[in-house]
Protein chains: 2
Amino acid sequence: MVDDPMRRQRPSDATTVAIALLSTRGYEATTVEELADAAQISRSTFFRRFGSKEDVVFADHDYLLERLSAYLDAASGDPLEALRHGARIVLDHHLSRREASLTRHELLQRNPTLRDRELVSSHRYERAFASYLREVVPGASERGWAITALAAGIVSVHNDMLRAWLKRAEIPATEILDTQLRSLCGLFSPVLFPDPNERAASSRVVVAVFDRDIGPGRVLARIQSAIDGAVAF
Amino acid sequence: MVDDPMRRQRPSDATTVAIALLSTRGYEATTVEELADAAQISRSTFFRRFGSKEDVVFADHDYLLERLSAYLDAASGDPLEALRHGARIVLDHHLSRREASLTRHELLQRNPTLRDRELVSSHRYERAFASYLREVVPGASERGWAITALAAGIVSVHNDMLRAWLKRAEIPATEILDTQLRSLCGLFSPVLFPDPNERAASSRVVVAVFDRDIGPGRVLARIQSAIDGAVAF
DNA sequence: GCGCTGTGTGACACGGAGTGTCAACTCCGA
DNA sequence: TCGGAGTTGACACTCCGTGTCACACAGCGC
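About the cut-offs
Residues numbered from 1 in each chain as written. Chains lettered and ligands numbered in written order. Predicted model: local features only at pLDDT ≥ 70, side-chain atom pairs only at ≥ 80, totals over all residues. Heavy atoms only, no water. UniProt positions renumbered as here; feature names shortened; annotations may be inferred. Helix = DSSP H or I, 4+ residues; strand = E, 2+ residues; numbered from the N terminus. pLDDT = per-residue confidence, 0-100. Contact = heavy atoms within 4.5 Å. Near = heavy atom within 4 Å. Polar contact = N/O pair within 3.5 Å; in protein donor to acceptor, adjacent residues only side chain to side chain. Nonpolar A, V, L, I, M, F, W, Y, C, P; charged D, E, K, R; others polar. Phe/Tyr/Trp six-rings, centres within 6.5 Å; stacked < 30°, edge-to-face > 60°. Buried < 20%, exposed > 50% of the residue type's maximum accessible area, 1.4 Å probe, protein only. Lys NZ or Arg CZ within 6 Å of the ring centre and 35° of its normal. Salt bridge = Lys/Arg side-chain N within 4 Å of Asp/Glu carboxyl O. Axes fitted to C-alpha atoms, helices over the stretch in contact; angles between N-to-C directions. Parallel < 35°, antiparallel > 145°, perpendicular 65-115°, else oblique. Left-handed = near helix turned anticlockwise from the far one by under 90°.

The name an unreviewed UniProt entry gives chain A is TetR family transcriptional regulator, with Cryobacterium shii as the organism.

In structure tokens form, the structure reads like this:
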């Protein structure tokens, strides 16, 4: 009953109608029977389709999580770019249905229980990102904390961005998200995917010794080549 | 009713008895009336004291979160050390009551709903750490993602450590936790608390020019002092 | 046409969580 | 001894979520 495949499909109109009703009349004040009536189905059918009163609010997340997992499972190429694109998939879904996202957001604002449930959903995204990272990061077991931290950071940046966009629709959410995720991934990149060259260069001190009468241009040139790692003294 | 101050006190015997009962007989199978009988109170009083059947399982978290927040509010000195000590407060609480922690852990293992609730509690710890960081980090608003990621990392490392200790009691959990948290904080330290000297040194190239006949010892000494930032050429 | 099976639906009953009310009891100060 | 404040228990009530049964309707073989 819990993992009925029926409930993983693209969220239908019934869910948005239900969310709107819950938002306007209040979550506690609205009974399941009223939701069922609004969707023109019986109370029994409501429970069979959506599982519970709470689940109907989070049908989007189940659907999105499915999509995200599927994408990450199939992803190849630059792992950090895959992470960014995964986050964009989720964000774009919300961007494409502003009205529904807004009413849903208002509903969550007013109800602490639902906010907690939202946290659980957020954590599921984190786990999706983290389990992907655990697959692609070499020696993931010793870097568990970095993986967890990065996954948490991605979801956090995404959620902050979504909230900002819900407040002001005109901001270029997709672009900003991508920029911020680039910064975030950049911090973790040397830890998760250490580049041997770069690591060596950052831990080295260049000492250049020249004849006294060498010209400044040639000094700079040789220093430059030493920094690039092409010449080692 | 939700934030009854009574429920924030040190978890009593009644909660551990309740958890044991829920663990042995199964969460769903045990009614609140049975829990109330075991605690020798009426069903009404049970709800008044513990709020709900779920809350009785998480009384520890409420209590600990209160302690952690109080500690962080009053903390002064090295912020990263305060974070480590805060995590140790939480861990030590569990270490000091192994039996209760074990039965509680088994109960959570068997029940997905309770595991979700545990995630919510974990997130509350994250928020406590994050809000502390937001206070002490200069220019916290531009480093929001780093703060979130570090907070998530701390809780994650703590939870991993606790799980490991529940499996094998003989490991020195406190010490290992402290070591791992040192590594974790070390990664974020340059981002959250950039040291001007260190940053300058890492982005600088030292070029040392010497007379040909200078001794190797003096060369090394002068290079050393240059790296330390005392001498700039 | 017939019967068979599987699937989706509605109607109904039931257990149990959580809330509200009210009366009884205890403690404490006047 | 009286009265008030706080705590407890008993009871009733609403509503969620589950389980069961019956019905409708499709597809399919004969």
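What follows picks up the thread again.
Visitor: Tell me about the UniProt feature "DNA-binding region" (unreviewed entry) in chain A, residues and numbers included.
Guide: In this numbering, the UniProt entry assigns the feature "DNA-binding region" (unreviewed entry) to residues 31-50 of chain A. When the span residues 31-50 of chain A is considered, its composition is 75% helix and 0% strand, and the gap between its end C-alpha atoms is 14 Å.

Visitor: How would you sum up the confidence of the model for chain A? Please name residues and give values.
Guide: Residues and elements named next belong to chain A. On average, residues of chain A score 82 in pLDDT, and 78% of them are at 70 or above. Considering each helix and strand of chain A separately, the mean pLDDT is smallest for helix 10 (residues 196-202), with a value of 50, and largest for helix 5 (residues 79-95), with 96. Contacts from residues 1-8, a stretch scored under 50 in pLDDT, to residues over four places away or in other chains number eleven contacts. Predicted confidence is poor over residues 226-233, with pLDDT under 50, and the contacts of this stretch with residues over four places away or in other chains come to nine contacts.

Visitor: I'd love a proper account of the protein's contact with DNA strand C, names of residues and values included.
Guide: The full set close to DNA strand C counts 14 residues, and A:S42, A:T45, A:R48, A:R49 and B:R43 are the nearest of them. Between DNA strand C and the protein, one listed contact pairs a phosphate oxygen with a side-chain N or O atom of A:S42 at 3.0 Å. Here a base oxygen of DNA strand C sits 2.8 Å away from a polar atom, N or O, in the side chain of B:R43. Taken together, the elements giving at least two residues each to the surface near DNA strand C come down to helix 3 (43-50) of chain A together with helix 3 (43-50) of chain B. Among the residues forming the surface near DNA strand C, the class breakdown is three nonpolar, six polar and five charged.

Visitor: So what about the protein's contact with DNA strand D? Which residues, and what values?
Guide: Lining the immediate environment of DNA strand D, one finds 15 residues, of which A:R43, A:K53, B:S44, B:T45 and B:R48 sit closest. Those atoms of DNA strand D that come within 4 Å of the protein belong to sugar or phosphate at a rate of 49%. B:S44 is positioned with one of its side-chain polar atoms (N or O) 2.9 Å from a base nitrogen of DNA strand D. Side-chain polar atom of B:R48 to a base nitrogen of DNA strand D: 2.8 Å apart, as the coordinates give it. The greatest single-element share of the surface near DNA strand D, amounting to five residues, is contributed by helix 3 of chain B. Along the lines of polarity and charge, the residues of the surface near DNA strand D split into three nonpolar, seven polar and five charged.

Visitor: Requested: an account of the packing of aromatic side chains, with residues and values cited.
Guide: The full count for this structure, using the stated rule, is five aromatic pairs over all chains. Where A:F46 meets A:F47, the ring centres are 5.9 Å apart and the plane angle is 90 degrees; that geometry is what we call edge-to-face. Assessed through its relative accessible area of 29%, A:F47 is described here as partly exposed. Here the aromatic rings of A:F188 and B:F188 are separated by 6.0 Å at their centres, their planes lie at 70 degrees, and the arrangement is edge-to-face. You can see A:F188 sitting in helix 9 (residues 173-192) and its partner B:F188 sitting in helix 9 (residues 173-192), one on each of two chains. Like A:F188, the residue B:F188 is buried in the burial classification. Aromatic rings pair up to connect A:F46, A:F47 and A:F50 into one cluster. Its guanidinium or amino end placed over the ring of A:Y27, A:K53 lies 4.5 Å from that ring's centre, counting from NZ or CZ.

Visitor: Break down the pattern of salt bridges for me, citing the residues and quoting the values.
Guide: Following the criterion strictly, the structure yields 22 salt bridges over all chains and no others. Linking A:D178 and A:R182 is a salt bridge whose minimum nitrogen-to-oxygen distance equals 3.1 Å. In this pair, A:D178 and A:R182 are both assigned in helix 9, four residues apart and thus about one turn of the helix distant. Looking at A:R182, the relative accessible area reads 48%, which means it is partly exposed. B:R84 serves as the salt-bridge partner of B:D178, at 3.7 Å between the closest nitrogen and oxygen. In this pair, B:D178 sits in helix 9 while B:R84 sits in helix 5 (residues 79-95), placing the two residues 94 residues apart along the sequence. Per residue, the accessibility class of B:D178 equals that of B:R84, and both read buried.

Visitor: Account for the packing of helix 1 (residues 13-25) of chain A against helix 6 (residues 98-110) of chain A, with residues named and values stated.
Guide: Residue and element names in this part refer to chain A. Interhelical geometry of helix 1 versus helix 6 gives an angle of 45 degrees and a closest axis separation of 9 Å. When the axis of helix 1 is compared with that of helix 6, the two are oblique. Pair helix 1 / helix 6 crosses with left-handed handedness. Touching I19, L22 and S23 of helix 1 are T103, R104, E106 and L107, all from helix 6. For the contact of helix 1 with helix 6, the residue count by class is three nonpolar, two polar and two charged.

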